[in-house]
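Single-letter residue listing:
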Amino acid sequence: MKINKLFIIPHAGGMVNSYSFLCEYFKDEFQVCLIELAGHGGRYNEKLYSDFKEATNDVYMQIKSKLNDGENYAIMGHSMGAWLTYEVYYLLRQLGDRLPVQLFFSGAKAPTDKAPVLQEKSKHELIQVLHEQGGTPKEILENKDFIDFFLPILKSDYEMIGKYKAEIPSERIIPRITVFCANADDKFTPRDIDSWKTLSNKCSIYYFEGGHFYIYQKGKELAEIIINELKNLSLH
């Protein structure tokens, strides 16, 4: 089985540029398709999503538009992107579309284990999130114009996450799932991560050194695992 494409769905506030560094690691293996969310990055002039369903439908349409007949593909999402990956998978299944051969969930517990929590994050808290993400120079974070432009995007994403509640699926996920997390991520516990096992009979979990945005320090190691997992699929 040849794997043709890997779709990557970003975290809250994330954009295509947030994951472009991973493309170099995959260039000899398969095509990487980075998903841009409405109101983010190159789509900054579009309306932000009002809820998870709207975001799911948009990501679904992006994936469908980039797939050719018969292509085998996988989907990976980090943090909020992991929950969007979950929702897009069940939408693909509901609509009878060709399913991904594997799903990669990073930096999130299973969405079925999450209750809606409406939290108002202050400006200071949102700026702290940007610091934790890394990759944004200090002088940019201290630029008032940048903050005024970007914080509404991040705030909207967090409000969408707060309202989100996944439905308990009547059937388990069919393809193999792989879960990535960091050992110093304070957003959840190892027990939270194990909740993914309830959604699939084929689940593997990998821990990395670092915090919630470990991917920026461990991108090469992450990519190697993804490549090896998909190569194992290709052998069957």
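The structure contained in this document is the topic of the report that follows. On a predicted model such as this, the values are computed, not experimentally measured, just so you know.

1. Brief notes about the state of the cysteines
Here is step 1 of the chain: Under the defined criterion, the tally for this structure stands at 0 disulfides.
Here is step 2 of the chain: The thiol of C23 is not disulfide-bonded; the next cysteine sulfur, from C33, is found 9.0 Å away.
Here is step 3 of the chain: The class of C23 is partly exposed, set by a relative accessible area of 27%.
Here is step 4 of the chain: Cysteine C181 is unpaired, with the sulfur of C203 as its nearest cysteine sulfur at 10 Å.
Here is step 5 of the chain: By relative accessible area, which is 0% here, C181 ends up buried.

2. Considerations on the pairing of strand 4 (residues 102-106)
Here is step 1 of the chain: Of all 5 residues in strand 4, 5 are buried; the element is thus mostly enclosed.
Here is step 2 of the chain: Because side chains alternate across strand 4, one face comprises the buried residues Q102, F104 and S106, and the other comprises L103 and F105, equally buried.
Here is step 3 of the chain: Where strand 3 (residues 73-78) lies against strand 4, 5 bridges are found, and the strand directions are parallel. Across the sheet, the residue bridging to I75 is L103, located in strand 4.
Here is step 4 of the chain: Taken together, strand 3, helix 3 (residues 80-94) and strand 4 constitute a β-α-β crossover, and its handedness is right-handed.
Here is step 5 of the chain: Sheet topology note: the strand 4/strand 5 (residues 176-182) ladder contains 5 bridges and is parallel. Within the sheet, the bridge partner assigned to S106 lies in strand 5 and is F180.

3. Focus: the pattern of salt bridges
Here is step 1 of the chain: Applying the stated rule across the entire model yields 11 salt bridges.
Here is step 2 of the chain: Here D58 ties to R43 by a salt bridge, and the two come within 2.8 Å at their closest N and O atoms. Separated by 15 residues along the polypeptide, D58 in helix 2 (residues 52-66) and R43 in the loop between strand 2 (31-34) and helix 2 bring together distant segments of the chain. Like R43, D58 is buried.
Here is step 3 of the chain: Residues K64 and D97 are paired through a salt bridge, measuring 2.7 Å at the closest nitrogen-oxygen approach. Remark: D97 occurs in the loop between helix 3 and strand 4 and K64 occurs in helix 2; sequence separation between them is 33 residues.
Here is step 4 of the chain: One salt-bridge network, held together by shared partners, links R43, E46 and D58.

4. Brief notes about the packing of aromatic side chains
Here is step 1 of the chain: Under the defined criterion, the tally for this structure stands at 15 aromatic pairs.
Here is step 2 of the chain: With centroids separated by 4.9 Å and ring planes inclined at 15 degrees, the aromatic side chains of F208 and Y214 adopt a geometry described as stacked.
Here is step 3 of the chain: Grouping aromatic residues by their ring pairs yields a cluster made of F104, F180, Y206, F208 and Y214.

5. What to know about helix 2
Here is step 1 of the chain: Compared with the 21 Å implied by 1.5 Å per residue over 15 residues, the 21 Å span of helix 2 between its first and last C-alpha is a close match.
Here is step 2 of the chain: Taken together, the buried positions of helix 2 are F52, A55, T56, D58, V59, Y60, Q62 and I63.
Here is step 3 of the chain: Close packing links the buried residues of helix 2 with strand 1 (5-9), strand 3, helix 3 and helix 6 (144-163).
Here is step 4 of the chain: Looking at where helix 2 begins, the residue whose side-chain oxygen comes 3.2 Å from the main-chain nitrogen of K53 is D51.

Thresholds applied
- Residues numbered from 1 in each chain as written.
- Predicted model: local features only at pLDDT ≥ 70, side-chain atom pairs only at ≥ 80, totals over all residues.
- Heavy atoms only, no water.
- Disulfide = S-S within 2.5 Å.
- Buried < 20%, exposed > 50% of the residue type's maximum accessible area, 1.4 Å probe, protein only.
- Helix = DSSP H or I, 4+ residues; strand = E, 2+ residues; numbered from the N terminus.
- Pairing = 2+ DSSP bridges.
- Right-handed = clockwise from strand over helix to strand, strands pointing away.
- Salt bridge = Lys/Arg side-chain N within 4 Å of Asp/Glu carboxyl O.
- Phe/Tyr/Trp six-rings, centres within 6.5 Å; stacked < 30°, edge-to-face > 60°.
- Expected span 1.5 Å × (residues − 1).
- Contact = heavy atoms within 4.5 Å.
- Polar contact = N/O pair within 3.5 Å; in protein donor to acceptor, adjacent residues only side chain to side chain.

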